[in-house]
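Structure at a glance
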Amino acid sequence: MKRFLALLLGLLTIFSLAVPAIAVTEDEQEALLYEAGLAAIASCIDEDMTDLEKLTALHDWMCLNVDYGATLRSQTAYGAIVEGSAVCTGYAAGFAYLAELIGLEGVATYSEDMDHAWILVTLDGVRYFSDCTWDDGKNAKMGLIRHLYFLFDESNAGDTGHYGWDSEESVPGGELEEAPWLAAMTRVIFYGDYCYYIDEDFNLWRCDRATWETELLLSVDEGWPIWGVENSHRSGLYSGLILLDDRLYFSTPYEICSVDLEGQDLTVELTADTTEGVIYGLDVRDGTLTYSIATEPDAVLYQVVDSGISAVGAWGYTWPEEDASGEAAVSVSGEPTGSASGNIKED
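The following paragraphs examine the structure supplied in this document.

Conventions used here
- Residues numbered from 1 in each chain as written.
- Predicted model: local features only at pLDDT ≥ 70, side-chain atom pairs only at ≥ 80, totals over all residues.
- Heavy atoms only, no water.
- Helix = DSSP H or I, 4+ residues; strand = E, 2+ residues; numbered from the N terminus.
- Buried < 20%, exposed > 50% of the residue type's maximum accessible area, 1.4 Å probe, protein only.
- Contact = heavy atoms within 4.5 Å.
- Areas by Shrake-Rupley, 256 points an atom, 1.4 Å probe, with all protein chains shown as cover.
- Core = buried A, V, L, I, M, F, W, Y, C linked by side-chain atoms within 4.5 Å.
- Pairing = 2+ DSSP bridges.
- Axes fitted to C-alpha atoms, helices over the stretch in contact; angles between N-to-C directions.
- 1 Å grid on protein atoms, 1.4 Å probe; cavity = no way out; pocket = protein on both sides within 12 Å on 5 of 7 lines; lining within 4 Å.
- Points joined across faces, edges and corners; volume = space filled by probe spheres on them.
- Nonpolar A, V, L, I, M, F, W, Y, C, P; charged D, E, K, R; others polar.
- Left-handed = near helix turned anticlockwise from the far one by under 90°.
- Expected span 1.5 Å × (residues − 1).
- Phe/Tyr/Trp six-rings, centres within 6.5 Å; stacked < 30°, edge-to-face > 60°.
- Lys NZ or Arg CZ within 6 Å of the ring centre and 35° of its normal.
- Polar contact = N/O pair within 3.5 Å; in protein donor to acceptor, adjacent residues only side chain to side chain.

Thoughts on the overall build of the protein chain
When helices and strands are tallied, the protein chain shows eight helices and 19 strands. Taken across its 347 residues, the protein chain has 52% of its residues classed as buried. Sequence separation of at least 24 residues holds for 56% of the intrachain contacts in the protein chain that already meet a minimum separation of 6. By element, 49% of the accessible surface of the protein chain is carried by carbon and sulfur atoms, the whole surface being about 15,900 Å².

Structure, rendered in structure tokens:
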């Protein structure tokens, strides 16, 4: 069965590369990329956010909206932002494009030794590395975002597994690497005076955006089971985090739950059918809360389940009325210098 699945996936990849992409001129690609970039910005950032908060929100947008996959344009910013499919060079080109669109200096860097790309970004005059590809939750892990590879520097690049990059610029890093929400294993939600996130130990935190003081709102004592092994649990968190109507939604292995912004009024919104797996991840798809059912987080085959719970208006997602308006939530610095074709090196 495993050999059959591997062969099937290989054939699907070859097929996706062989099918001609819809003909789009370079000028049309640039225009579509710019519009999609503005829509991404409008969905998750505003003028009151600091540059660090904006970059965090865009990092999370990339991880939620781009799937890892090889297509004709997957090595480009266009493939990542417009088509939603990219390999590492596309993730890097797309993230750098969005950073430049809000006036930050972002550039893709590449390591021939690793055959991998990520970006170098400048915040408050200090250079940092960031790797959306490795922070993106794959397979069944819908809505799962890590920040392990967001804002690191040349002194700890070895710890993250990065080496041999082609940039000659020094990347010293700085105090922004101490932001509390970098421990988040979900999207970081910036709302009002606070941001909200869940760490790998299933603790829901509220962080004061001005002082970085944190408050534990809720701790969930439930882990994800190892399928088929009684009384066993795997480490880590496999839930998304969604803000909807002033309530925070998350998932356990068996339920979708919500709490208010004080971490109170815990409510079970839905109990899933877990006869063929448990819940891995929570996201918004087509205006509803959506989750996956799988036997393990890296399962290639899994069920995507529409919960039936309306999520229209959830924080950080693009809705049709936003697309139609063409309005950006923040000022932009004009079209970035990078092109829609972006970096074309191999992943």
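Resuming the write-up.
Notes on the nonpolar core
One finds L55, M62, I81, L151, W181 and L248 to be the most contacted residues of the largest nonpolar core, which totals 77 residues. For this core, the element with the most residues is helix α5 (residues 88-101), which contributes ten residues. The contact partners of M62, leaving out residues within four places of it in the chain, are A80, I81, Y91, G94, F95, L98 and C132. Grouped together as the second largest cluster of nonpolar side chains are 21 residues, I256, I279, A314 and W319 included.

Details of the sheet that holds strand β6 (residues 150-152)
Within the open sheet, the four strands sit side by side as β3-β4-β5-β6. Their pairing is antiparallel. Every other strand in the sheet has two partners, leaving β3 (105-111) and β6 as the edge strands with one partner each. Between one strand axis and the next, the sheet turns through 40° on average, direction left out of account. In the packing of helix α3 (residues 51-65) onto the sheet, the strands contacted are β4 (116-123), β5 (126-130) and β6, and the crossing angle to β6 comes to about 120°. Lying on the sheet, α5 is in contact with β3, β4, β5 and β6; it crosses β4 at an angle near 15°.

Notes on the layout of surface pockets
The calculated volume of the largest pocket comes to roughly 700 Å³. Elements supplying a minimum of two residues to the lining of the largest pocket: α2 (26-44), α3, β1 (67-68), α4 (77-81) and β17 (278-285). Considering every element that reaches the lining of the largest pocket, the biggest residue donor is α3, with four residues. Looking at the lining of the largest pocket residue by residue, the class counts come to 17 nonpolar, nine polar and nine charged.

Things to note about the sheet that holds strand β19 (residues 303-310)
Within the open sheet, the three strands sit side by side as β17-β18-β19. Their pairing is antiparallel. In the strand order of this sheet, the two ends are held by β17 and β19, each with one partner. Taking the axes of each pair of neighbouring strands and ignoring which way they run, one obtains an average angle of 30° across the sheet. Relative to strand β18 (residues 288-294), β17 runs antiparallel, the two sharing six bridges. Pairing of R285 across the sheet is with T288, part of β18.

Digging into the packing of α2 against α3
In the contact formed by α2 and α3, the axes pass within 10 Å of each other and the chain directions differ by 115°. Note that α2 runs across α3; the crossing there is right-handed. For the pair formed by α2 and α3, the contact residues are A40, I41, S43 and C44 on the first element and A57, L58 and W61 on the second.

Points about α2
End to end, α2 covers 27 Å across 19 residues, agreeing with the expected 27 Å (1.5 Å per residue, within 8%). Three or more residues of α2 are buried, namely Q29, E30, L33, A36, G37, L38, A39, A40, I41, A42, S43 and C44.

Considerations on the packing of aromatic side chains
Scanning the model with the defined rule gives twelve aromatic pairs in all. Pairing F129 with F152 gives two aromatic rings, centres 5.5 Å apart and planes at 45°, and the pair type is tilted. Of this pair, F129 sits in strand β5 while F152 is found in strand β6, placing the two residues 23 residues apart along the sequence. One exposure class covers both F129 and F152, and it is buried. Pairing W134 with Y149 gives two aromatic rings, centres 5.4 Å apart and planes at 80°, and the pair type is edge-to-face. One end of the pair, W134, is in helix α6 (residues 132-135); the other, Y149, is in the loop between α6 and β6, with 15 residues separating them in the sequence. A relative accessible area of 27% places W134 in the partly exposed class. Sitting above the plane of the Y194 ring, R206 keeps its charged end 4.6 Å from the centroid.

Things to note about the side chain of H162
Structurally, H162 can be placed in the loop between α7 (157-160) and β7 (189-191). Its relative accessible area of 2% is what places H162 among the buried residues. Here T160 takes part through its side chain, which lies 2.7 Å from a polar atom of the side chain of H162.

Regarding α5
Within an α-helix, residues lying three or four positions from one another point in the same direction, as the helix has 3.6 residues per turn. The end-to-end C-alpha separation of α5 is 20 Å, in line with the 20 Å expected for 14 residues at 1.5 Å each. In terms of burial, α5 is largely enclosed, as 13 of its 14 residues are buried.

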